[in-house]
Amino acid sequence: METNALLTVTHAEYVDGYTLRIWFNNGVEKLFDFSGELSKGICHKLNDLDYFRRFTIDPFTIDWNNEIGFAPEYLYEHGTSA
């Protein structure tokens, strides 16, 4: 992948709790625990595990009902190696 290419999320799977396994277009796979985000603004909606598990992938990142999304760069930088 070119160093100036746009980082995007290509796939994600629910793991458990508030953790997702996330694949990026540069071939890297990360685990991201969203539990630290649950008290921030609209992210409180993610406390509902049924809602949390109903994410989709938009053209760039993980999305919840067109209401909540995180920059792919944030997920990449704060995720842990899978």
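Data block above holds the structure.
Residues numbered from 1 in each chain as written. Predicted model: local features only at pLDDT ≥ 70, side-chain atom pairs only at ≥ 80, totals over all residues. Heavy atoms only, no water.

J.: Please clarify how the overall build of the protein chain should be interpreted in this entry.
T.: For the protein chain, the helix and strand inventory stands at 2 helices and 7 strands. Order of helices (α) and strands (β) in the protein chain, N terminus to C terminus: β-β-β-α-β-β-β-α-β. Its C-alpha radius of gyration of 12 Å places the protein chain within 12% of the 12 Å reference for a compact globule of 82 residues. On the principal axes, the C-alpha backbone points of the protein chain span a range of 40 × 25 × 20 Å. Scored against the burial criterion, the 82 residues of the protein chain give a buried share of 34%. Summarising the internal contacts of the protein chain: among those between residues at least 6 apart in sequence, 47% fall at separations of at least 24. Charged side chains of the protein chain number 6 positive and 13 negative; the gap between the two group centres comes to 5 Å. (Helix = DSSP H or I, 4+ residues; strand = E, 2+ residues; numbered from the N terminus. Rg over C-alpha atoms; globule rule 2.2 N^0.38 Å. Buried < 20%, exposed > 50% of the residue type's maximum accessible area, 1.4 Å probe, protein only. Contact = heavy atoms within 4.5 Å. Lys, Arg positive; Asp, Glu negative; His and termini not counted. Charge placed at Lys NZ, Arg CZ, Asp CG, Glu CD.)

J.: Would you mind going over the side chain of Thr61 with me for this structure?
T.: As for its position among the elements, Thr61 is in the loop between strand 4 (56-57) and strand 5 (62-64). Every residue in contact with Thr61, bar those within four places of it in the chain, is listed here: Val9, Thr56, Phe70, Ala71, Pro72 and Leu75.

J.: Honestly, the sheet that holds strand 6 (residues 68-69) in this entry has me stumped. Any pointers?
T.: Whenever strands of a sheet pair, they do so through backbone hydrogen bonds, lying parallel or antiparallel. In space, the 3 strands of this open sheet follow the order 4-5-6, with antiparallel pairing throughout. Strand pairing shows two members of the sheet lacking a second neighbour, strand 4 and strand 6, which therefore form its edges. Of the strand pairs in this sheet, strand 4 and strand 5 are connected by 2 bridges, and their pairing is antiparallel. Looking across to strand 5, one finds that Thr56 is bridged to Asp63. (Pairing = 2+ DSSP bridges.)

J.: Would you mind showing me how to read unusual backbone geometry here?
T.: Both trends apply: most residues other than glycine have a negative phi, and most peptide bonds are in trans. Although it is not a glycine, Asn65 sits at a positive phi angle of roughly 55°. On the secondary structure map, Asn65 appears in the loop between strand 5 and strand 6. Asn65 sits in the exposed class, given a relative accessible area of 56%. Of note in this structure, Asn66 is not a glycine but carries a positive phi near 55°. With respect to the secondary-structure elements, Asn66 resides in the loop between strand 5 and strand 6.

J.: Sorry if this is basic, but what is going on with the environment of Pro59 here?
T.: Structurally, Pro59 is set in the loop between strand 4 and strand 5. A sequence separation of 50 residues divides Pro59 from Val9, and the C-alpha atoms of the two residues are 8.0 Å apart.

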